[in-house]
Amino acid sequence: MGVAFSRQEGAYRFVAIFNWTYQEDEIALKRFQPYFSHSFEGTGIDAATAVCLYLTGARTVIFSGFTTSAQGLQRFCSSIVFGTAIEVSFYHAVDANEISQVLPL
């Protein structure tokens, strides 16, 4: 999919930033494991555009990619944070090359 998916009507870029404390390390690893292997089935996230970064020492994981499903993103985020102290901040993202289309300059 990749580029074709990102150009699909209704597709939009997102960034989800997950944070936790050391008490949640074990559960965080269990919850993130399926997504580290780019298994996004049922989330509406295009695995070809998904990027996952772990910020060492910060207990922070950043997921970025394209999706066409707000409900799928909700399922994705809930599958990680539900019943835990893991927190998520969610953003719609714009590529730097597209910023002039968003901001009045």
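Residues numbered from 1 in each chain as written. Predicted model: local features only at pLDDT ≥ 70, side-chain atom pairs only at ≥ 80, totals over all residues. Heavy atoms only, no water.

A short note on the sheet that holds strand 4 (residues 87–92)
Read across the open sheet, the 4 strands follow the order 2-3-1-4; overall the sheet is antiparallel. The open sheet terminates on both sides in strands that have one partner only, identified here as strand 2 (51–55) and strand 4. Pairs of neighbouring strands in the sheet enclose a mean axial angle of 15°, with direction left out of account. Pairing geometry for strand 1 (residues 12–19) and strand 3 (residues 60–67), over 8 bridges, is antiparallel. Bridge pairing in strand 3 places Ile17 opposite Ile62. Each of strand 1, strand 2 and strand 3 touches helix 2 (residues 25–36); the most contacted strand, strand 3, lies at about 35° to it. The strands that helix 3 (residues 70–81) touches are strand 1, strand 3 and strand 4; relative to strand 1, the one it contacts most, it runs at about 15°. (Pairing = 2+ DSSP bridges. Helix = DSSP H or I, 4+ residues; strand = E, 2+ residues; numbered from the N terminus. Axes fitted to C-alpha atoms, helices over the stretch in contact; angles between N-to-C directions. Contact = heavy atoms within 4.5 Å.)

A look at helix 3
Over its 12 residues, helix 3 runs 16 Å from end to end, which matches the ideal 16 Å to within 8%, given 1.5 Å per residue. Each element contacted by the buried residues of helix 3 is listed here: strand 1, helix 2, strand 3 and strand 4. (Expected span 1.5 Å × (residues − 1).)

A look at the packing of aromatic side chains
For the structure on display, the rule yields 14 aromatic pairs. Centre to centre, the rings of Phe32 and Phe36 are 5.8 Å apart; their planes meet at 15°, and the pair counts as stacked. Of this pair, Phe32 and Phe36 both sit in helix 2, separated by 4 residues, roughly a single helical turn. Assessed through its relative accessible area of 1%, Phe32 is described here as buried. Of the residues examined, Phe36 reaches a relative accessible area of 34% and is grouped as partly exposed. Taken together, the ring pairs connect Phe18, Trp20, Phe32, Tyr35, Phe36, Phe40, Tyr54, Phe63 and Phe76 into an aromatic cluster. (Phe/Tyr/Trp six-rings, centres within 6.5 Å; stacked < 30°, edge-to-face > 60°. Buried < 20%, exposed > 50% of the residue type's maximum accessible area, 1.4 Å probe, protein only.)

Quick look at the packing of helix 2 against helix 3
With their axes 8 Å apart at the nearest point, helix 2 and helix 3 run at an angle of 145° to one another. On the side of helix 2, the interface is formed by Arg31, Phe32 and Tyr35, while helix 3 contributes Phe76, Ser78, Ser79, Ile80 and Val81. A breakdown of the residues in the contact of helix 2 with helix 3 according to their chemical character gives 5 nonpolar, 2 polar and 1 charged. (Nonpolar A, V, L, I, M, F, W, Y, C, P; charged D, E, K, R; others polar.)

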